[in-house]
Amino acid sequence: MKEKWQQLKEWIGESGNIVFFGGAGVSTESGIPDFRSVDGLYSQQYDYPPETIISHSFYMRRPEEFYRFYKDRMLFTGAKPNAAHKALAKLEAEGKLKAVITQNIDGLHQMAGSREVLELHGSVHRNYCTRCGEFYDLDYIVKSDGVPRCSCGGVIKPDVVLYEEGLDTRTLEKSVDYISKADMLIIGGTSLVVYPAAGLIDYYRGNKLVLINKAATSRDSQADLVISDSIGEVLGAVTGVV
Ligand SMILES: [Zn+2]
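Residues numbered from 1 in each chain as written. Predicted model: local features only at pLDDT ≥ 70, side-chain atom pairs only at ≥ 80, totals over all residues. Heavy atoms only, no water.

Student: I'd like a rundown of the layout of surface pockets, residues and numbers included.
Tutor: When its volume is computed, the second largest pocket comes out at roughly 280 Å³. E119, G122, R126, D159 and D168 are the residues nearest the centre of the second largest pocket, which is lined by 20 residues in total. Elements that contribute at least two residues to the lining of the second largest pocket include exactly strand 3 (117-119), strand 4 (122-129), strand 6 (156-160) and helix 9 (169-181). No other element matches the four residues that strand 6 contributes to the lining of the second largest pocket. (1 Å grid on protein atoms, 1.4 Å probe; cavity = no way out; pocket = protein on both sides within 12 Å on 5 of 7 lines; lining within 4 Å. Points joined across faces, edges and corners; volume = space filled by probe spheres on them. Helix = DSSP H or I, 4+ residues; strand = E, 2+ residues; numbered from the N terminus.)

If you want it as structure tokens, here you go:
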């Protein structure tokens, strides 16, 4: 095993209050494209730039176009958890990891068995009628024609944080609480450029800050350990799930 991987394994062994903070890179290994990467959604051809379509004002103004893009490009119903998701679920089951904080909206952590998952940007699995508040699952959205509607006639909106919308205050507060109490913070699959989520890292007070990302991040110099490998390979190997 590589020296840095071995170091990570030792720290995990010593820690009892690990928190994981993850970005799009955790899901790309399950075949879900990264929004902001060159090969991701942003480079794909569409009538409007994706960051316009996935905005609150566009959703309000052009719900048909919003949903055409959303169903076509943002829902990946066949995606399965990868070794990173499984490793984190295992660490939680062992009592070592306290929470997964994620920027992803795909629900793969829960599918892998994680229980305490804080979804900063919401989830495609939760959808609510904007008129009566009735809940609808992902399957209902996928099978709907055009703009999904409630039995009451109201429009159904995914519980996903769109551009121009704020993050859920309670989720943010819980994330800050977990990070500030953690003895080890593992950050993976994010280049740490998306605020305010990326600013959460500043609440960590310990001395085991680990960054796992294929490309360099803006916070590499702050980290106690930087691993530039696939997050699934690293976490899978050090926890023994693969
Ligand atoms: Zn309704």
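Past the structure itself, the notes keep going.
Student: Account for the coordination of the zinc ion, with residues named and values stated.
Tutor: Where a metal carries four tetrahedral donors, each ideal angle is 109.5 degrees; where it carries six octahedral donors, the ideal angles are 90 or 180 degrees. Bound to the zinc ion on the protein side are C129 (SG), C132 (SG), C150 (SG) and C152 (SG), at distances that span 2.3 Å. Taken together, the four donor atoms surrounding the zinc ion define angles of 102 to 119° at the centre, an arrangement classified as tetrahedral. Coordination of the zinc ion draws on donor residues from a single chain, spaced C-x2-C-x17-C-x1-C in sequence. Remark: C150 occurs in the loop between helix 8 (138-143) and strand 6 and C132 occurs in the loop between strand 4 and strand 5 (135-136); sequence separation between them is 18 residues. (Donors = N, O, S within 2.8 Å, 3.2 Å for Na, K, Ca; no water. Tetrahedral: all angles 85-135°; square planar, octahedral: opposite > 155°, others 65-115°.)

Student: Kindly report on the nonpolar core, identifying the contributing residues and their values.
Tutor: Ranked by size, the top nonpolar core spans 24 residues in total, and within it L8, F20, I186, I212 and L235 carry the most contacts. In contact with I186, other than residues within four places in its own chain, are L8, I12, I18, V19, F20, F21, V210 and I212. Listed in part, the 23 residues of the second largest apolar core include I54, C129, Y136 and L162. (Core = buried A, V, L, I, M, F, W, Y, C linked by side-chain atoms within 4.5 Å. Buried < 20%, exposed > 50% of the residue type's maximum accessible area, 1.4 Å probe, protein only. Contact = heavy atoms within 4.5 Å.)

Student: Residues and numbers for the pattern of salt bridges, please.
Tutor: All chains considered together, the criterion is met by 12 salt bridges. Among the ionic pairs, E94 bridges to K90, the shortest N-O distance being 3.9 Å. Take E94: its relative accessible area is 45%, and that puts it in the partly exposed class. Residue R126 pairs with D159 through a salt bridge whose shortest N-O separation is 3.0 Å. Here R126 is found in strand 4, whereas its partner D159 is found in strand 6, with 33 residues between them in sequence. D159 gets classed as partly exposed once you look at its relative accessible area, which sits at 31%. Connected through shared salt-bridge partners, E119, R126 and D159 make up one network. (Salt bridge = Lys/Arg side-chain N within 4 Å of Asp/Glu carboxyl O.)

Structural measurements only, silent on function.
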